[in-house]
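# Fold and contact review
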Amino acid sequence: MADRMETGPVTHGNAGKWIWISVSGLSLIILPFVLEKGISQYYLFLAANILAWALFALSFNLVLGYGGMMSFGHAAFFGVGAYTCALLLVKASCPLILAFLAAPFAAACVGLVIGYLSVRIKGVFYFAVITLCFAQLVYILVFKWRSFTFGDDGIQGIPVPAFISTDESYIHYYFFALIIVLICAFVLWRIVRSPFGMILRSLKENPERAAFVGVNVEHYRLIAFVISAFFSGIAGVLYALLQTSISPDILFWTVSGDVILMGLLGGMTLFLGPALGAAIMVLLNSFVTSYTEYWGLCLGITLILIVLFFPRGIGGIMVERYQTWKKRKEG
Amino acid sequence: MSLDPSMLLVQFISGLTTAMVLFLLASGLTLVFGVMNVINFAHGAFYMLGAYLAFTMTQLLSGSLGFWAALLIAPTVVCVVGGIVEVGLLRRIYGKEHLLQILLTYALIFIFNDLIKMIWGVNLRMVNMPASLRGFVTFLGSRFPVYYFFILGVGTAVAVLLWLLLKKTQFGKLLRASAEHRDMVGLLGYNVSTVFTLVFMMATWLGGLAGAVIAPTVRISMGMGMEIIIECFIVVIIGGLGNVLGALLGALLAGEIYAFGILLLPNFAMAFLFALAAVVIIFRPYGLLGKPAQGMS
Amino acid sequence: MEILEIKGLTKSFGGVMAVAGVDLLVREGDIHSIIGPNGAGKSTLFNLISGYFPCDKGKVLFKGEDITGFSTQKRVKMGMGRSFQVTNIFPKLTVFENIQAVILYAKGKGLTLFSDARKMVREDTEKILEMVGLKNKLEEPAGILAAGDRKRLELGIVLATRPDLLLLDEPTCGMSPVETSNTIELIRKIAEERSLTVLFTEHKMDMVFSIASRITVLNFGAIIAAGEPDEIRCDEKVKQIYFGEDRCSLK
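These notes cover the structure that comes with them. (Residues numbered from 1 in each chain as written. Chains lettered and ligands numbered in written order. Predicted model: local features only at pLDDT ≥ 70, side-chain atom pairs only at ≥ 80, totals over all residues.)

A count of helical and extended segments in chain A gives 14 helices and 0 strands. In chain A, the succession of α and β elements from N to C terminus is α-α-α-α-α-α-α-α-α-α-α-α-α-α. Against the compact-globule benchmark of 20 Å for 331 residues, chain A has a radius of gyration of 20 Å, which places it among compact chains. With respect to the principal axes defined by its C-alpha atoms, chain A has extents near 60 × 50 × 40 Å. Considering only contacts within chain A whose residues lie at least 6 apart along the sequence, 78% involve residues at least 24 apart. (Helix = DSSP H or I, 4+ residues; strand = E, 2+ residues; numbered from the N terminus. Rg over C-alpha atoms; globule rule 2.2 N^0.38 Å. Contact = placed C-beta atoms within 7 Å.)

Residue and element names in this part refer to chain C. With their axes 8 Å apart at the nearest point, helix α3 (residues 95–106) and helix α5 (residues 147–160) run at an angle of 15° to one another. Regarding the angle of α3 to α5, the classification is roughly parallel. Remark: the crossing between α3 and α5 carries right-handed chirality. Mapping the contact onto sequence places Val95, Asn98, Ile99, Val102, Ile103 and Ala106 in α3 and Leu153, Gly156, Ile157 and Ala160 in α5. (Axes fitted to C-alpha atoms, helices over the stretch in contact; angles between N-to-C directions. Parallel < 35°, antiparallel > 145°, perpendicular 65-115°, else oblique. Left-handed = near helix turned anticlockwise from the far one by under 90°.)

Moving on, we get to the nonpolar core. If you look at the biggest cluster of nonpolar residues, it comprises 296 residues, and the most contacted ones within it are A:Leu55 and A:Cys133. When neighbours within four sequence positions are excluded, A:Cys133 is seen to be in contact with B:Ile230, B:Phe233, B:Ile234, B:Ile237, B:Phe274 and B:Ala277. (Core = buried A, V, L, I, M, F, W, Y, C linked by C-beta atoms within 7 Å. Buried ≥ 20, exposed ≤ 12 C-beta atoms within 10 Å, placed from the backbone.)

Now for the interface of chain A and chain C. Contact with chain A, which involves 22 residues of that partner, is made by 32 residues of chain C. Those elements that place two or more of their residues in the side of chain A that touches chain C are α7 (171–193), α8 (195–205) and α9 (207–212) of chain A. Ranked by residue count, the leading element in the side of chain A that touches chain C is α8(A), at 8 residues. Taken together, the residues of the side of chain A that touches chain C sort by class into 9 nonpolar, 6 polar and 7 charged. (Nonpolar A, V, L, I, M, F, W, Y, C, P; charged D, E, K, R; others polar.)

Time to look at the interface of chain B and chain A. With 39 residues of chain B in contact, the opposing surface of chain A contributes 33 residues. Taken together, the elements giving at least two residues each to the side of chain B that touches chain A come down to α4 (98–120), α9 (224–239), α11 (269–283) and α12 (292–295) of chain B. The leading source of residues in the side of chain B that touches chain A is α4(B), at 14 residues. Its residues assigned to classes, the side of chain B that touches chain A shows 32 nonpolar, 5 polar and 2 charged.

Residue and element names in this part refer to chain C. Reading across the sheet, the 4 strands line up as β2-β1-β4-β5 and stay open at both edges, with antiparallel pairing between neighbours. Of all strands in the sheet, those bounded by a partner on one side alone are β2 (16–27) and β5 (65–66). Across 2 bridges, strand β4 (residues 57–62) lies against β5 in antiparallel orientation. Residue Leu61 lies in a different strand from β5, and its bridge partner there is Asp66. This element, helix α1 (residues 42–49), spans β1 (2–13), β2 and β4 of the sheet and lies at about 65° to β2. (Pairing = 2+ DSSP bridges.)

What follows covers the arrangement of the chains. Most contacts, compared over the 2 pairs of chains touching, are made between chains A and B. Spatially, chain B and chain C are disjoint, and the shortest separation between their C-alpha atoms is 15 Å.

The following block contains the structure:
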């Protein structure tokens, strides 16, 4: 991407930062009530859906935006997270807390294996194709191993505990997901601003130079990959708990494509860009599919327009505008 | 499960036919990468288009005539579509980041899928085999569908033509040189845009042909493009991106492993392919015949 | 004490012998220059010493240890720093971050996941930036620096790895005469202050002769002369290469 990664707060100084945080925080808390009373449950469902995908997109961006690795196989981690949680809840009647904790670790293990085999590959295309193939392997395993995963019947009626049950309203689930997503996003934020994050960014810029200052490039990439897989797994859990039924479709490689598109739409140079992209994608999907069955055509054309004319995404454009405005004010 | 030699022979030939179709597709994909440094994620869509066009031809012209016309016309139409795509879209992204190039061809998949849905609808389509190619033939003590040998024939003919093109013609030499050194085309004074368009059209022609050839043996559906592209990718991973011989080698390996994989673990035959790809990557990260230089970002 | 010793280093690329059985000795504290016409194998030699390519034959000993099979990263950790002829920096990180990242790594903080990197090692970073004369451009993305400043940043990056041996590949390439003499002074000063050994390749003869304590001359991948600057100045073979005449005219 043409821009530097924004890891500092985009606003001026401390006052600006706190205003920004309080306003967004307040909106996120008030939103569900507004949606539920004022509009409809469906929009609250969308908001909850956005939360899960936003976390997925944010974790994925660690690998793409910050690590410079175009992984086309992240659906594997999302799906393994969802399936691990669902299987534990359905087959082993595990308490939610255990299933919730096991899922990201399972996803991280898969991330370790796939990552280990992939990070040695230099070359964007090779890497994309290889990660895609490994993820498809996971898809096929889940699809065909009917005795274990129920195959393409999927898993229906996941027993979601009462406190986040979505039977009557999505509001309890929304706050549950909100808390989880905010915690995870905060952790990712700290990681991105840490020395590890800085070195990861330097690897992305110039892996040769990084090697010449002693950095074991593959090592760092693998660690970023595993962390990303971990949080993608949590996103998968959130998805499973929201939908209460999942199928192998969530492991299909187009899901990996979807999360890349969210990053592109929202802007990969901004930390929260992918979250914005997730919101846009979910809303756009909902809007378009209510009018036409040709969502693919719509998505494809949008994507081409973005690639050709707005490669930095909506978030990138916003940052640009803000910086021009700031310079004009100062100058 | 008995290891009946005649069944093994049937599987072997079946594997060869799969390999031929994969080769038709993978060779185009790998050539485009070698010369133009672009991975066409939508390659499977051209294959699917070829199959659907074959269906339409057999609807327009009844009987065997429809099929033979399809073999001629479908790849040509696909090739023209490929040319339009290259000139209209791909040209705009050549200098850009690889990420954007990948996403552009990825977007094409969706557009193609929906356009095909619009034109042909979502129902499964079938193409009837021409009378001359139906039935079975006995060879070395086993019965094979005649069509297998047709596919083998077409595949071999194309492979030979491709070999002649690459080794004996000026254009072919240019393509090979270009795969070694990215800037060769421009440096030697050729018009880069024209060469790129020709290569892309060639690749899509091969893809359309593969679709037309396979049409009588499968149910033509919307998911075709998505499924085949994965197998295609595995073939080029095994063989090495940019190397046509590698594509042939990869296709043969993939075809045979799949054919025999079905005998061992019918449900997980695909998994063998992935296992092979994984093994190749561990020992030769750039494919059996590939080189890292061209794959660099 | 020899800090670097090379024995019979050989490397060929597809039939072309780039480095042909080179022996080299660099003593601690030397400012040792490798000169030779274009294509003599200087850069390849550097790539071999720093571990970028494996050699076909020969040995490399660093601080007495045989490092022939070691990876680049390991050599860097042992104290070998390398700069590139074409500047190799992190263009989208700021000037400050370029150095900061390297120092963080060199101090073993690379795997710290939860501290704010911006607040760490600031003093050390400032010291290095001051040393290479880049105090004023800290918050700019490094990609927009002018060529001369890029070279300084490049030098800064190498220094940040706290090397004992500096391998500088044409450090004044593309610089004006004024910048060149400033850079020479800088290198000499740094080498003195930090007790570093410097091994560098160069084309500019006056620069070489003003700073080097030992010179090695390379041609077609082989050493044709080695010794003190005065010896080299009047060496017949060297004059042949550079001037094709037998006059003691090297300044």
